[in-house]
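Residues per chain are reported as follows:
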Amino acid sequence: MNILDRINKENDIKNIDSEELPRLAEEIREFLVSHVSETGGHLAPNLGCVELTMALHRVLNFPEDKLIWDVGHQSYVHKILTGRKDEMGSLRQFGGMSGFPKTSESPCDAFNTGHSSTSISAALGMACARSIKGTHENIAAVIGDGSFTGGMVYEAMNNMADIKTSCLVVLNDNNMSIDQNVGGMSTYLSKLRVGQQYNDFKGNVEKVLMKIPVAGERLAKGLKKSKDSIKQILVPGMFFEELGVTYIGPIDGHDIETMEATFRKALKLDRPILVHVKTVKGKGYVHAERHPSYFHGVEPFDIRTGHVIKEKKTMSNTGVFARKLIELGRTDDRIVAITAAMGKGTGVSAFAEKFPERAFDVGIAEEHAVTFAAGLAASGLVPVVAIYSSFLQRAYDQILHDVCLQNLHVIFAIDRSGLVGADGDTHQGIFDTAFLSHIPNMTVIAPKNRYELTKAMEWAVGYDGPVAIKYSRGDAYYGLSEYNVPFEKGKSEIIHRGRGLAIMAVGNMVQETEKIYNRYISEDDDVTFVNARFLKPLDTELIDDLSHDHDRIVVIEEGIKRGGYGSAVEEYVEEHGLPVKVMTCAIDDRFVPQGTVSELRRMLGLDADSIYDRIGHADTIQ
Ligand SMILES: Cc1ncc(C[n+]2csc(CCOP(=O)(O)OP(=O)(O)O)c2C)c(N)n1
Ligand SMILES: CC(=O)[C@@H](O)[C@H](O)COP(=O)(O)O
Ligand SMILES: [Mg+2]
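Residues numbered from 1 in each chain as written. Chains lettered and ligands numbered in written order. Predicted model: local features only at pLDDT ≥ 70, side-chain atom pairs only at ≥ 80, totals over all residues. Heavy atoms only, no water.

Participant: Is there a simple way to explain the site of ligand 2 in this structure?
Facilitator: Taken together, His42, Val71, His73, Phe100, Ile178, His296, Tyr388, Phe391, Arg416, Asp423, His427 and Arg473 are the residues near ligand 2. Within the contact set of ligand 2, an oxygen atom lies 2.9 Å away from a side-chain nitrogen or oxygen of His42. At 2.6 Å from an oxygen atom of ligand 2 is found a side-chain nitrogen or oxygen belonging to Tyr388. Summarising the interface, the protein chains cover 84% of the accessible area of ligand 2, which totals 360 Å² for the free molecule. The class makeup of the residues in the shell around ligand 2 is five nonpolar, four polar and three charged. (Near = heavy atom within 4 Å. Polar contact = N/O pair within 3.5 Å; in protein donor to acceptor, adjacent residues only side chain to side chain. Areas by Shrake-Rupley, 256 points an atom, 1.4 Å probe, with all protein chains shown as cover. Nonpolar A, V, L, I, M, F, W, Y, C, P; charged D, E, K, R; others polar.)

Here is the structure:
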């Protein structure tokens, strides 16, 4: 019988003999590789934290104790150990188990995550709540070295120093973000990693105890360690120590026994402790160990070769963006590119290969990325900040206060705009139009296909002011390339001028709308088909014009309805008393879960068939 068969619910791991734990770790790795090879998912981060998760589960009691996973992409092992291994087949699928912690999925998930660098703040909040309520649960956060580049971490640690209560932070350092980790903190952690041997457990605890006045010294003496070993412990982790957070480490993140003993002791101390754990990303699966970046988040793959089963043959929007950026960069040396730890994901790394001195990976620091871009723009350069739509949510005030208020020429390349699929609610890029369009000076463009994406980039470089260009995850659309009306600020593109019904589609929904349009044409319905293109400024002249011979305008967009493009059209029509009804097919006031984009569109009524059916009833709209 496999040892994993004896793990069926939370805390079962405590009944496994210590000698059996290494075998259990192997079984978990095999289980992970076999499942993720079929579903896709974040494999390398999970392979790297198998023993770390096991050690935490030996020490913490679930669901009473609280364990917070930063980003949460590495929580699969935690899920397996908390009675969810049978759900692994549905990982990241529509209606299935999430790839991130979800409080709605299990009481053993203490806090929902998906975006990085939130875990220490949340843990600290829980620790303070525990003091106020007088309860006694343990609270721990696990955060990776990549996530440790995010600013909130330092805000939390700054605060932590003032809050003298037990809170364990485990820094899972695999010397990798998605790509190579970057920056001063990453260098500092590297120094800590190579600068000393793994501390043995007693030495570490002794160090901690020595720093606690009076009682700590007594306890440390009780450990009967030699004076020499006490001396050598005072140097590492000074940065954390100076901040008032006790540092232990680095310890071997694949040695369950050492981690278990360290965590057990650390949790007894009534103060914030950071345990620095060194792990190998992708550990135990040769292809993932060799290519941790590729296996960070991977599509279904062949276990033997490590190759993704459905290799892409077409170019993605990201690829189109990257290629065009390089082309623009060749002739305009004012152009600089910025990524917040998503070099490969956004395509900025391709630009960086050609123009290393004009490309910046600032770490997982979207807020900084935007204000950094503002500084570059204020000095006459043309920064292109490429950030996924959902991660850009973080930088709202930087966009408003640092860029738009000064009308600076910063280009926002908003990748993963629209539904992203399997990552689910934390990652859907559905709020960008709403949170950008209401900021004065901002121009928002949603290109309809790959050609228009390149034209939008050219236009944005030639413009002077903040411009956001949003495009979706996945394959670039090649269709409708014969329609290529030159760019003019605030002007939509008329693909076909008919009468009666006008359909205005936004960005990636132009492709879906083409199907609806073709259906009308095949039925001899001469409808108007508009590519919205500029979401802001609104093409009010066109709306005025349409209102003369159309009684209905239908707006189709893959974004949140309130504050979106359709809202702006509706508002304009109402304010000006135009004789036309507007219906917006967009996403109602809700979050959108995981699934394939087509499943989600069907669920939301945003697929061509559903929209066609709805328009059929459009004369009933109020
Ligand atoms: C705010 C935000 N920006 C970017 C990301 C994308 N992202 C997810 S995991 C990750 C790297 C995290 O590295 P680390 O914390 O070291 O975890 P590892 O995968 O190495 O275990 C990044 C950049 C994110 N989830 N949230
Ligand atoms: C966990 C996380 O935030 C990233 O790894 C994200 O899943 C990447 O998404 P893409 O696959 O769209 O690059
Ligand atoms: Mg890492």
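Participant: How should I be thinking about empty space enclosed by the protein in this particular structure?
Facilitator: Empty pockets left among the atoms are what a rolling probe the size of a water molecule brings to light. Scanning the entire structure with this criterion turns up two cavities of 30 Å³ or more. Looking at the largest cavity, its volume works out to about 60 Å³. If you go around the largest cavity, the residues you meet are Phe321, Leu325, Leu328, Val384, Ile411, Ala413, Leu453, Met457, Val461, Ile469 and Tyr471. Where the lining of the largest cavity is concerned, the elements lending two or more residues are helix H14 (317–331), strand S9 (411–415) and helix H21 (450–462). For the lining of the largest cavity, a count of residues per class yields eleven nonpolar, no polar and no charged. Of the volumes computed, that of the second largest cavity is approximately 30 Å³. In terms of lining residues, the second largest cavity is bounded by Ser117, Gly150, Gly151, Met152, Ile364, Glu367 and Arg394. Its residues placed into classes, the lining of the second largest cavity shows two nonpolar, three polar and two charged. Of the residues that make up the lining of the second largest cavity, three or more belong to each of domain 1 (3–195 + 236–290) and domain 3 (317–470). (1 Å grid on protein atoms, 1.4 Å probe; cavity = no way out; pocket = protein on both sides within 12 Å on 5 of 7 lines; lining within 4 Å. Points joined across faces, edges and corners; volume = space filled by probe spheres on them. Helix = DSSP H or I, 4+ residues; strand = E, 2+ residues; numbered from the N terminus. Domains from an automatic or database assignment.)

Participant: Could you clarify how one ought to interpret the coordination of the magnesium ion (ligand 3) in this entry?
Facilitator: The textbook angles at a metal center are 109.5 degrees for a tetrahedron of four donors and 90 or 180 degrees for an octahedron of six. Protein-derived ligands of the magnesium ion (ligand 3) are Asp145 (OD), Asn174 (OD1) and Met176 (O), with the metal-ligand distances lying across 2.0 to 2.1 Å. Sequence spacing among the residues donating to the magnesium ion (ligand 3) works out to D-x28-N-x1-M. Met176 carries the same exposure label as Asn174, and that label is buried. (Donors = N, O, S within 2.8 Å, 3.2 Å for Na, K, Ca; no water. Buried < 20%, exposed > 50% of the residue type's maximum accessible area, 1.4 Å probe, protein only.)

Participant: Help me out: how do you make sense of the site of ligand 1 in this one?
Facilitator: Taken together, 22 residues lie around ligand 1, and His73, Gly146, Ser147, Lys281 and Glu366 are the ones closest in. Within the contact set of ligand 1, an oxygen atom lies 2.8 Å away from a side-chain nitrogen or oxygen of His73. Within the contact set of ligand 1, an oxygen atom lies 2.9 Å away from a side-chain nitrogen or oxygen of Asn174. Taken domain by domain, the shell around ligand 1 gets at least three of its residues from each of domain 1 (3–195 + 236–290) and domain 3 (317–470).

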